[in-house]
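Structural overview for review
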Amino acid sequence: EASSAAPPRRPFSQVTPADLDFFRQLLPGRAITDPDVLESSNVDWLKSVKGNSEVLLRPKTTDEVSRILSYCNQRNLAVSPQGGNTGLVGGSVPVFDEIILSTALMNQILTFDSISGILTCQAGCVLESLSQYLEEQDFIMPLDLGAKGSCHIGGNVSTNAGGLRLLRYGSLRGTVLGLEVVLADGRVLNCLATLRKDNTGYDLKQLFIGSEGTLGVITAVSILCPRKPKSVNVAFLGCSSFQNLLETFQACRGMLGEILSAFEFLDASCMNLLEKHLKLTNPITESPFYIVIETAGSNAAHDEEKLHNFLEKVMTSSLVTDGTVATEEAKIKALWSMRERITEALRHDGYTYKYDISLSVEKIYDLVTHMRERLGDRAQNVVGYGHIGDGNLHLNITSPSKDPALLAAIEPYVYEWTSQYQGSISAEHGLGLKKRNYIYYSKTPEAVTLMGNIKAMLDPKGILNPYKTLPDDIC
Ligand code: FAD
Ligand code: MLT
Ligand code: ZN
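Residues numbered from 1 in each chain as written. Chains lettered and ligands numbered in written order. Predicted model: local features only at pLDDT ≥ 70, side-chain atom pairs only at ≥ 80, totals over all residues.

1. Regarding the sheet that holds strand 13 (residues 322-326)
Strand pairing within a sheet occurs via backbone hydrogen bonds; the two strands may be parallel or antiparallel. Spatial strand order, 13-10-12-11-15-16-14: seven strands in an open sheet with antiparallel pairing. One side of each edge strand has no neighbouring strand; the edge strands of this open sheet are strand 13 and strand 14 (351-358). With direction set aside, neighbouring strand axes in the sheet form an average angle of 15°. Bridge analysis of strand 11 (residues 260-267) against strand 12 (residues 289-297) gives seven bridges, and the strand direction is antiparallel. Opposite F263, over in strand 12, you have I293 as the bridge partner. (Pairing = 2+ DSSP bridges. Helix = DSSP H or I, 4+ residues; strand = E, 2+ residues; numbered from the N terminus. Axes fitted to C-alpha atoms, helices over the stretch in contact; angles between N-to-C directions.)

2. Notes on the nonpolar core
Residues F263, I291 and V292 are the most contacted members of the largest nonpolar core, which totals 74 residues. In terms of residues, this core owes the most to one element, strand 12, which gives six residues. What V292 contacts, discounting residues up to four positions off in sequence, is V234, F236, A262, E264, L335, W336, M338 and R339. In this structure, V55, L56, I68 and M106 belong to the second largest nonpolar core, which totals 55 residues. (Core = buried A, V, L, I, M, F, W, Y, C linked by C-beta atoms within 7 Å. Buried ≥ 20, exposed ≤ 12 C-beta atoms within 10 Å, placed from the backbone. Contact = placed C-beta atoms within 7 Å.)

3. Quick word on the domain arrangement of the chain
Assigned domains of the chain: these are domain 1 (109-224), domain 2 (231-342) and domain 3 (349-442). Mapped onto the side of domain 2 that touches domain 3, the elements with two or more residues apiece are helix 9 (242-256), strand 11 and helix 10 (268-278). For the side of domain 2 that touches domain 3, the leading source of residues is strand 11, giving six residues. A class-by-class count of the residues in the side of domain 2 that touches domain 3 yields ten nonpolar, two polar and two charged. (Domains from an automatic or database assignment. Nonpolar A, V, L, I, M, F, W, Y, C, P; charged D, E, K, R; others polar.)

4. Side note on the site of ligand 2
What surrounds ligand 2 is the set G146, I342, T343, D356, G386 and H394. Class assignment of the residues belonging to the shell around ligand 2 gives a composition of one nonpolar, four polar and one charged. (Near = placed C-beta within 6 Å.)

5. Examining the UniProt feature "domain: FAD-binding PCMH-type" (unreviewed entry) in the chain
Mapped onto the present numbering, the UniProt feature "domain: FAD-binding PCMH-type" (unreviewed entry) falls on residues 49-228. Between the C-alpha atoms that bound residues 49-228 the distance is 38 Å, and the span itself is 23% helix and 22% strand. (UniProt positions renumbered as here; feature names shortened; annotations may be inferred.)

6. A word on the sheet that holds strand 6 (residues 118-122)
Spatially, five strands are ordered 5-6-9-7-8 in an open sheet, and the strand pairing comes out antiparallel. The open sheet terminates on both sides in strands that have one partner only, identified here as strand 5 (109-113) and strand 8 (188-191). For this sheet the average axis-to-axis angle between neighbouring strands, irrespective of direction, equals 10°. Here strand 6 runs beside strand 9 (residues 217-224); their pairing, made up of five bridges, is antiparallel. Bridged to I118 within strand 9 is L224.

7. Some points on the site of ligand 1
G83, G87, G154, G155 and G213 are the nearest of the 38 residues found near ligand 1. Elements supplying a minimum of two residues to the shell around ligand 1: strand 3 (79-82), helix 5 (153-159), strand 9 and helix 13 (342-348). Per element, the largest residue contribution to the shell around ligand 1 is five residues, and it comes from helix 5. Counting residues domain by domain, the shell around ligand 1 receives three or more from each of domain 1 (109-224) and domain 3 (349-442).

8. So, the packing of helix 1 (residues 17-26) against helix 3 (residues 62-75)
The description of two helices packed together rests on the angle between their axes and the distance between the axes. Across the interface, helix 1 lies against helix 3 with an axial gap of 11 Å and an inter-helix angle of 170°. The angle between helix 1 and helix 3 places the two elements in the roughly antiparallel class. Residue-level inspection shows D19, F22 and L26 of helix 1 in contact with helix 3, the latter providing E64, R67, I68, Y71 and R75. Within the contact of helix 1 with helix 3, the residues separate by chemical class into four nonpolar, no polar and four charged. (Parallel < 35°, antiparallel > 145°, perpendicular 65-115°, else oblique.)

9. Here's the deal with helix 12 (residues 329-340)
Taking 1.5 Å as the rise per residue, helix 12 with twelve residues should run 16 Å; its terminal C-alpha atoms sit 16 Å apart, in good agreement. Of the positions making up helix 12, those classed as buried are L335, W336, M338 and R339. The arc enclosing the buried residues of helix 12, seen along the axis, measures out at 140°, which places them on a common side. What points out from helix 12, more than 90 degrees from its buried face, is the exposed set E329, A330 and K333. Elements that come into contact with the buried residues of helix 12 comprise strand 10 (231-239), strand 11, helix 10, strand 12, strand 13 and helix 13. (Expected span 1.5 Å × (residues − 1). Arc of directions from axis to C-beta.)

10. So, unusual backbone geometry
Backbone torsion omega between E411 and P412 reads 5°, so that peptide bond is classified as cis. The residue P412 is located in the loop between helix 15 (404-410) and helix 16 (413-420) in this model. If you check the backbone angles, N465 has positive phi at about 45° while not being a glycine. If you trace the backbone, N465 turns up in the segment after helix 17 (445-458). Overall, the presence of 29 C-beta atoms within 10 Å leaves N465 in the buried class. Here Y467, not a glycine, exhibits a phi torsion of approximately 70°, which is positive. Within the secondary structure layout, Y467 lies in the segment after helix 17.

Structural data, given as structure tokens:
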């Protein structure tokens, strides 16, 4: 467990009664020290890492965030930024007694331009609330994920979250047009542009996208939103082999083209967990693999015809063995939950070792098969699911409780295997606390050193989210 375990506490100051007085004066009623409230903010969503913070701060404005960081930097107090606390790599909770800076009350929509589709909002807006707001105006968010009911847009940007729509709308690196960020010393960096095009010097906002709260606190986001599609269809299909699934993907891209908006997969082990722990019902006959395909377009008749032709082709050629299609909202939602709720089902299955790998699609499932053989009875379940359309596999391994011997059989082997095929050891979840020391499997020493230089320039005292993202030998 050595590499993912916490390093020793760094010599930051400890919070004193005078510090608490300062915070209480700055944030009346919003500097929380009640242990019952703090308990849930100290533990991550997976309940796998736990900090010991005694203070939770809930600013409402950028100016308050600026004053907090300016004070903490002077006092050498460490700060752990937190959004919806749905992160999966132990990045969103303190490791020791870092102050938790929550964006929960920074939930105001600032502007929305219904001609350009550009939304500007505070970082603590919940993704699902933003989606609801936009849908009323015939727009949607360019990203969607299973954690939408809790995650904040600031957390999404800080992790560069991928999710279920990336195949169609691209990553946040393209759709985020501007950010407002408070730096470690309290300076406010206003890069909140609302322009599609802006080549004036370095694109500084990119530094904060995916940097997991280690370089600054994101306080506002402007983001380009697509029009709400008039027609949405979801197909849930069964495949007898992974090879057939890949060929279905190829056919799907060719035949659905511009209306394809998601191509996701799960294996039979995931289905077992959905049935067992969440009592969901498999909508089709049992298969080794399942696919969720979504189309989104502007002409229902045209989209349905395209989907129909595609389904006829993959069924007659036996690439797909069974399937069901939904056009109406409730059924669409039910089919999507077979994919979106796997994370929740796994949490009920025991302790979960989660891997989030990018690989060329042809190789993707080999890792699951291989790990199943390697671990045998030592693992309770070894499951594979993910964003096939993006070459992103989620390999998850469960055991009744934390099991160091099992972990030693998985890591670093799974990272070595990924690196051997030029994959990434973190496709979309980030490195956080758990994976920071494995960065070298995907990045060169020169690249990691440069990351360390950037960190030292922006946060010389290292107060922002210490022990996260960068490996222990860098900071
Ligand atoms: P948190 O978990 O609170 O924080 C995540 C990281 O960002 C931490 O390092 C934190 O310090 C930092 N941070 C948070 N807010 C700020 C801020 N304002 N400024 C600076 N740093 C900040 N991820 C995907 O990529 N794709 C998925 O499909 C996906 N599905 C998920 C489904 C479920 C059921 C769950 C539980 C998680 C899923 N995730 C997914 C992981 C997670 O939801 C995303 O990483 C999400 O973007 C985190 O947002 P959050 O607000 O919860 O951030
Ligand atoms: C997903 O795609 O379901 C998310 O990334 C969460 C997970 O990996 O479990
Ligand atoms: Zn995912």
